[in-house]
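Listed below are the residues making up each chain.
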Amino acid sequence: MGNYKDTIRDLDVAKILELTMGGKRQIESEMKIILDQQNSTSNPSIQQYENTSDILDEPHPTGLRCVATPEKGRGMASTGDLPQASLVHTEDPFSMIILKPCRETHCHYCLNELPADKVPCTSCSIPLYCSQKCRIRAGGKMSLDYPNNQRIHENLSADLEKYIAETTLNVDSETDTEHIPEHKHECKGVHWPAVLPSEIVLAGRVLVKSIIKRRGSADIFNLREILDLSHHYSKMPPERKLELHIYSAVLSYCLQYSDDFELPINGFSISQIVILISQIRVNSMTVVRMKSIDQHGLEDIGKFSSLGGGLTSNVEQVRVGQAIYTSGSLFNHSCQPNIHAYFLSRTLFIRTTEYVAAGVPLELSYGPQVGQWDCKDRVKFLEDEYSFRCQCSGCLKVNFSDLVLNAFHCVKPNCSGIVLQSSVVDCEKEKLKRLPNIITAGNMEPHLQAEEFINIDDIDRVAHHHMQINSLFHINPGLCLKCCSYHDLESSSAAANKAWIIIRRLQDAIVSKDVSSTILVDALSSLGVLRSTFHAYNRSIAEAEDNLAQVFCFVGELQPAMEHCKASIEILEKLYNPNHIVIGYELVKLSSIQLSLGDSGAVDSINRLCDIFSCYYGSHTYKIFPYLQFLKRREKQTSSLKHQQK
């Protein structure tokens, strides 16, 4: 890394501790080589190496301002125009907690994967950390693992002893006045953080941090102002309110065991903690890690050929932590977001996914998006989890994705019309009923026609047919929106369910490593049933195509695997858009199959997925998805091998 100064000091310590003369001479020769490199290089030596993940390699985020709207309350907007992929916000958490499924696999402080030499907490031995630095930052305690009276230190100079302490134990973190340990108050007695729900433990950490910042005062009169965030307690059902009061009392008693302060336990303090937990439930963010799953691993091309199969990669989001970001929580939700949130270690990064004009609200997705779930399911999820009814454009406007996501095929083979279930019809009619109110309220120009309001141009482009808005006003479940032919949804649903049972058996067959030709034939027949029952852009067909692609990869039949993968992507492009991040994830699968086949389309797929990921992750793309470098390298190797064969 060009850090010659620390290299020399490391070798100096090694030379003093080395017992044999031969070993000392070897270290001296290494020191000479390093000194020669230091003298010959034109680059200045690095005085103190820091974690590169903490260094931004691009301009500082654009200025933001808090805005308010009648529908969504407080939100965030930019003070200037933002190009696509602009970094608009970075923030370290106010407080964070690891999720229970990751307690044995990820560092309890930085949330990165644990190495083989993981470091436990020195007090309770339950939390695990990737390094001494993370352990100290989380627990706030530093044990001198190398006491000064040990024989191996007796020959070291004071400067080298200080260097060892700074390097191995990170002494200077103790004097970091901005940093407040998160785990220190949890070490005494029974380890309650391993028992209580993550959001309750997170509430305890937020409370302790606020008290420490007030220099130990346990006065929680203004506790609700710690985060200054919404909580929606009044909208919660009675059983959830009771649950919060019980957890508040339990948390209060747990915190009393801390050595740092005494927390009063009375009706007022418990009610204040209830509000704090409510704020966390509504405003906390789930920290995720991107993980690449490779069926055969990252072997070389020759080994793939000998296997008779190929590399099949998949991208998975792993939920590792829960955190409160005080500014990040102010970004509102949209089912059609214009920004994207991701994480490097504990730090939150937010980027635009499209051009955003100055003053336009910056909105991210709290979970469900248009193309992923239909409108009624999105609205219900957001009401249950966050206690608000979504007012984004994706939920106010009739859009093509919501119509076809779970739609049925018209009974006429040559008709491309959409057949809706009753729940979808009711939801879409509600949107249209609100149309006059939206126009009256000034949210639309009075002259705007209904066809423009439902994005008829997009529907023409995607579905290749017109859909009149009046047909939705008068349509009934089971009637085609284009030709009004009747479809028996009950019998079709029963047939589709039977087909899905057969397709789901494919995953069980992969687990048991028993994929027979009979299972594949039955699954292909079931896919035909789904295609004749559902609309061509129904998401269930895309999922079935993806399952078949995985199974064909598993048995080494890559040509049909590629065709099924392409069919799945084609549907998803209609439900989202061709440059959505979901398409990028699917292109990882497709490009890996194409590389194994030696298909020339691999180049276009890899370049396209890299462009998509760059729009969402910017300069951090290859840090989050390091296997992209592998795909590019393997594509070059494949091309070179083909050239040699020719």
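This one's a predicted model, so the numbers in the text were calculated from it and none came from an experiment.

Undergrad: Account for the pattern of salt bridges, with residues named and values stated.
TA: This model, assessed by the stated rule, comprises 21 salt bridges. A salt bridge links glutamate 28 to lysine 15; the nearest nitrogen and oxygen atoms lie 3.0 Å apart. With a gap of 13 residues between them, glutamate 28 in helix 2 (residues 21-40) and lysine 15 in helix 1 (residues 4-17) connect regions that are remote in the sequence. Take lysine 15: its relative accessible area is 27%, and that puts it in the partly exposed class. Here lysine 431 and aspartate 402 are joined by a salt bridge, their closest N and O atoms 3.1 Å apart. Residue lysine 431 is found in helix 12 (residues 422-433), and its partner aspartate 402 is found in helix 11 (residues 400-404); the two are separated by 29 residues along the sequence. Relative accessible area serves as the criterion here: at 2%, aspartate 402 is assigned to the buried category. A single salt-bridge network, built from bridges that share partners, covers Glu182, Glu186, Arg205 and Arg346.

Undergrad: Report on the side chain of aspartate 374, specifying residues and quantitative values.
TA: Mapped onto the secondary structure, aspartate 374 falls in the loop between strand 12 (361-364) and helix 9 (375-386). For aspartate 374, the side chain forms a polar contact with the main-chain nitrogen of aspartate 377, separated by 3.1 Å. What aspartate 374 contacts, discounting residues up to four positions off in sequence, is Asp402, Leu405, Asn406 and Val424.

Undergrad: Give me the lowdown on the packing of helix 5 (residues 198-213) against helix 6 (residues 238-255), citing residues and values where you can.
TA: Where helix 5 meets helix 6, the axes come as close as 10 Å, and the angle between the chain directions of the two elements is 50 degrees. Between helix 5 and helix 6, the crossing angle belongs to the class labelled oblique. Here the hand of the crossing between helix 5 and helix 6 comes out right-handed. In contact with Ile200, Ala203, Gly204, Leu207 and Val208 of helix 5, helix 6 contributes Tyr247, Leu251 and Leu255. Among the residues making up the contact of helix 5 with helix 6, the classes are represented as seven nonpolar, one polar and no charged.

Calculation notes
Residues numbered from 1 in each chain as written. Predicted model: local features only at pLDDT ≥ 70, side-chain atom pairs only at ≥ 80, totals over all residues. Heavy atoms only, no water. Salt bridge = Lys/Arg side-chain N within 4 Å of Asp/Glu carboxyl O. Helix = DSSP H or I, 4+ residues; strand = E, 2+ residues; numbered from the N terminus. Buried < 20%, exposed > 50% of the residue type's maximum accessible area, 1.4 Å probe, protein only. Polar contact = N/O pair within 3.5 Å; in protein donor to acceptor, adjacent residues only side chain to side chain. Contact = heavy atoms within 4.5 Å. Axes fitted to C-alpha atoms, helices over the stretch in contact; angles between N-to-C directions. Parallel < 35°, antiparallel > 145°, perpendicular 65-115°, else oblique. Left-handed = near helix turned anticlockwise from the far one by under 90°. Nonpolar A, V, L, I, M, F, W, Y, C, P; charged D, E, K, R; others polar.

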